[in-house]
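What follows is each chain in one-letter form.
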Amino acid sequence: MNTLAAVAQILVAAAFASIPLLRHRFGGAAKAAAVAELRRQGVRPPVLEENGLRFDASGHEWWAPGSFAAAMLTAAALNLAGNPWGTTLTWVFSSIALLANIAILQSQLGAVKSVRAAFRRKGDAELLRVDVPAFLEAAEGAFPAWTRVLQNVRHTVVFAGSALALALVSL
């Protein structure tokens, strides 16, 4: 059972790593599209850097999913080795992965609302003028058409893989 749990955890780790890798590859194009949209709206493009807004896989866009991937790989290695800490860490990391993925999904489904709220928190008058739906649509349009499919597969793998790992180490 621990071997199957480890396989599920490896898949969850890969799922967490997939989006930062995608952002690393296409983040520059997304930024260029977002900058073009800001210009179209009459907003200065440097407002992005001035407020720490990025489209690549830097900062928390990499370390958060990278940390989840590393945690899942650690638990998987311990499960493969038959170490009892594998079960304990599976309970901790898989539970956290499930909760984090709920937050990620909620953020993606409410992207316009959350970006507007983030812009309000920044308190920058220029950001408050941004037509957020058009801005996000421009940036998202720079990613490959299959990005939405990858996101859905990613969510499915994280939810199912984490739940399966939890169930398997409980047997």
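Each remark here, short or long, concerns the structure printed above.
In this report, we go over the structure that sits alongside the text. If you're wondering where the values come from, they're calculated on a predicted model, not measured in any experiment. (Residues numbered from 1 in each chain as written. Predicted model: local features only at pLDDT ≥ 70, side-chain atom pairs only at ≥ 80, totals over all residues. Heavy atoms only, no water.)

1. Focus: the side chain of Glu37
Item 1. Topologically, Glu37 is positioned in helix α1 (residues 2–40).
Item 2. Residue Glu37 is classed as buried on the basis of its relative accessible area, which comes to 10%.
Item 3. Within the structure, the side chain of Glu37 is placed 2.7 Å from the side chain of Gln41, a separation counted as a polar contact.
Item 4. Setting aside residues up to four positions removed in sequence, Glu37 forms contacts with Ala134, Phe135 and Ala138. (Helix = DSSP H or I, 4+ residues; strand = E, 2+ residues; numbered from the N terminus. Buried < 20%, exposed > 50% of the residue type's maximum accessible area, 1.4 Å probe, protein only. Polar contact = N/O pair within 3.5 Å; in protein donor to acceptor, adjacent residues only side chain to side chain. Contact = heavy atoms within 4.5 Å.)

2. Description of a positive patch on the surface
Item 1. There is a patch of like positive charges on the surface, built from Lys113, Arg116, Arg120, Arg121 and Lys122.
Item 2. Tracing the sequence through the fold places Arg116 in helix α5 (residues 111–122). (Patch = residues over 30% accessible without salt bridge, like charges linked within 9 Å, V, L, I, M, F, W, Y side chains within 5 Å. Areas by Shrake-Rupley, 256 points an atom, 1.4 Å probe, with all protein chains shown as cover. Salt bridge = Lys/Arg side-chain N within 4 Å of Asp/Glu carboxyl O. Lys, Arg positive; Asp, Glu negative; His and termini not counted. Charge placed at Lys NZ, Arg CZ, Asp CG, Glu CD.)

3. Some words on helix α7 (residues 132–141)
Item 1. Looking only at α7, the buried set comprises Val132, Ala134, Phe135, Leu136 and Ala139.
Item 2. Looking at the buried positions of α7, the neighbouring elements they touch are α1, α2 (47–50) and α5.

4. Thoughts on the packing of α1 against α7
The geometry of a pair of packed helices is captured by two quantities: the angle between their axes and the separation between those axes.
Item 1. Between α1 and α7, the shortest axis-to-axis distance is 7 Å and the interhelical angle comes to 150°. Overall, the two elements α1 and α7 adopt an arrangement that is roughly antiparallel. The hand of the α1/α7 crossing is right-handed. Together, Ala30, Ala33, Ala34, Glu37, Leu38 and Arg40 of α1 and Ala134, Phe135, Ala138 and Ala139 of α7 make up the contact between the two elements.
Item 2. Counted by class, the contact of α1 with α7 contains 8 nonpolar, no polar and 2 charged residues. (Axes fitted to C-alpha atoms, helices over the stretch in contact; angles between N-to-C directions. Parallel < 35°, antiparallel > 145°, perpendicular 65-115°, else oblique. Left-handed = near helix turned anticlockwise from the far one by under 90°. Nonpolar A, V, L, I, M, F, W, Y, C, P; charged D, E, K, R; others polar.)

5. Brief notes about the nonpolar core
Item 1. Grouped together as the largest cluster of nonpolar side chains are 19 residues, with contacts concentrated most on Leu38, Leu48, Phe55, Phe119, Val130, Val132 and Phe135.
Item 2. Those elements giving two or more residues to this core turn out to be α1, α2, α5 and α7.
Item 3. No other element matches α1, which puts 6 residues into this core.
Item 4. Those residues in contact with Phe55, other than ones at most four positions away along the chain, are Arg23, Gly27, Ala30, Lys31, Ala34, Leu48, Phe135, Ala139 and Phe143.
Item 5. Residues Ala15, Phe16, Ala69 and Met72 belong to the second largest nonpolar core, which totals 8 residues. (Core = buried A, V, L, I, M, F, W, Y, C linked by side-chain atoms within 4.5 Å.)

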